[in-house]
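Okay, here's what each chain looks like letter by letter:
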Amino acid sequence: MTVIGFDTSNYTTSIAAYNGVSGKNCSRLLSVKPGELGLRQSDALFAHVKQLPELARDLFDSFDCTNIRAVGVSTRPRAVEGSYMPCFLAGQSQAEVLSAALRVPLYRFSHQQGHIAASLWSAGRMDLMDRPHLAWHLSGGTTELLLVEPENRNVRATKIGGTSDISAGQLIDRTGKLLGLQFPSGKAIDARSRESVTKELFRVRLDGLTFSFSGVENKVRAYFDAGHDAADTARYAMNSVCHCIAAVTRAAIQAYSDMPVVFSGGVASNSLLRERCREFSPIFAEPQYSTDNAMGIAVLAWLQEA
C-alpha cells in the first residue's frame, strides 16, 4: 500500500510517497527576489501551482506508486481554529483531484502535524506517535513548544510555550538580510556561524516557557553596526537563539516529568542548535526532513489506512 502526501507551505512545494517502510519526498523552495523576506501569498500560491506537476512527475518516475490507497494533504498551518494561509490551497486542490480520480480517501492535516510526524519517522521514533512527548516547531513562521498527545493515529499538539513575537526563523532570515544573504538564510547563517568562535550572546528573558525574540533582533543589528564581521554576527545571533531554546527546553523537561523532546521545523536543522541541545538526548530529524516537506503528511495518511 502506498499513500501520497502534499504540502505547499509559504517556503516550499513538496509531494511525497510512503509505503509503510520507505518513502520519497520531492520538494523545491519557492523563488524569492534578492533582498526580500518571503513572498506574498498570491505569489506563493501561483509558484506552487507551477511547480507541483514537475515534482509529481519526478516522484512517480522514481518511486513505485502503482498501489495508491490514500492521499494526505496539509490544509492549514496549525490544527487550531482560525489557522489559515492561502498557499495551502495549491496542495489541497491537487490532493482532492487525485483522491477523486483514484477513488481513494483524502486525509487532511495541519502543516505542524506533518512536521512532527516527519521528525518522528526520520529519527526512527514512531513509537512516540502513541506516547505523550514534547516537541519544538522551529521554522520561518513558527516558534512553539508543544505538548503532543496521541489522537486517533494522529497527533494533537497543544502550545505550552514559545515566542510571543517573531519566530526563530524570522530572526535568522532578518539577520541574513542584514548580512546580505539570500532568503531563506538558514543554511548560510549556519555556515557563517561555524566560521566564528565567539561566545557572545544576548540572554533572552524568559516568562515561564514564553519569551520574545524581537529584542534579539535589535541586539544583533547593534552588534553588527558596532563593527563585528558577518561570521561573528551570525554566531552571536545563533548563540542567542540556542541559549534561549536550551533554557526553555530544560525548564519544560522539569515541568513535564522528563518527557522526550522532539525538534521539528527548518531551524531544527541548524548544527549549532543540535550541539547545544545534546544534554537533553533530543530527537532530531535528518536535516532534509526538518525543513518543510510532505513526508510527514504521507506518514500520517498511511497511519489512517494501516
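Residues numbered from 1 in each chain as written. Predicted model: local features only at pLDDT ≥ 70, side-chain atom pairs only at ≥ 80, totals over all residues. Heavy atoms only, no water.

A closer look at the packing of aromatic side chains
Link 1 in the chain: Summed over the entire model, instances satisfying the criterion amount to eight aromatic pairs.
Link 2 in the chain: Taken together, a centroid distance of 5.9 Å and an interplanar angle of 80 degrees make the contact between Tyr 18 and Trp 121 edge-to-face. Linking Tyr 18 in strand β2 (residues 12-18) with Trp 121 in helix α3 (residues 111-122), this pair joins segments that are 103 residues apart in sequence.
Link 3 in the chain: Relative accessible area serves as the criterion here: at 6%, Tyr 18 is assigned to the buried category.
Link 4 in the chain: Trp 121 gets classed as buried once you look at its relative accessible area, which sits at 17%.
Link 5 in the chain: The interplanar angle of 10 degrees and the centroid separation of 4.1 Å between the aromatic rings of Tyr 223 and Tyr 236 together place this pair among those described as stacked. With a gap of 13 residues between them, Tyr 223 in helix α6 (residues 214-225) and Tyr 236 in helix α7 (residues 230-255) connect regions that are remote in the sequence. By the burial criterion, Tyr 223 is buried, and Tyr 236 matches it. (Phe/Tyr/Trp six-rings, centres within 6.5 Å; stacked < 30°, edge-to-face > 60°. Helix = DSSP H or I, 4+ residues; strand = E, 2+ residues; numbered from the N terminus. Buried < 20%, exposed > 50% of the residue type's maximum accessible area, 1.4 Å probe, protein only.)

What to know about the nonpolar core
Link 1 in the chain: Core analysis: the biggest nonpolar cluster contains 42 residues, and Trp 136, Phe 211, Phe 213, Ile 245 and Phe 263 have the highest contact counts within it.
Link 2 in the chain: Every element with two or more residues in this core is listed here: β6 (133-138), β7 (143-151), α4 (168-178), α6, α7, β11 (261-264) and α8 (271-276).
Link 3 in the chain: Here this core gets twelve residues from one element, more than from any other, and that element is α7.
Link 4 in the chain: Not counting residues up to four positions away in its chain, the partners in contact with Phe 213 are Thr 143, Thr 163, Asp 165, Ile 166, Ser 167, Ala 168, Leu 171, Val 204, Val 241 and Cys 244.
Link 5 in the chain: The next biggest cluster of nonpolar side chains, apart from the first, holds 29 residues, and it includes Tyr 18, Tyr 107, Tyr 289 and Leu 303. (Core = buried A, V, L, I, M, F, W, Y, C linked by side-chain atoms within 4.5 Å. Contact = heavy atoms within 4.5 Å.)

As for the sheet that holds strand β5 (residues 106-110)
Link 1 in the chain: A sheet is described by the order of its strands in space; here five strands give the open sequence β3-β2-β1-β4-β5, paired in mixed fashion. Two strands bound the open sheet, and with one partner strand each, they are β3 (23-29) and β5. Ignoring strand direction, the axes of neighbouring strands in this sheet form an average angle of 15 degrees.
Link 2 in the chain: Across six bridges, the pairing between strand β1 (residues 2-8) and β2 is antiparallel. (Pairing = 2+ DSSP bridges. Axes fitted to C-alpha atoms, helices over the stretch in contact; angles between N-to-C directions.)

Purely spatial values, then, with no claim about function.
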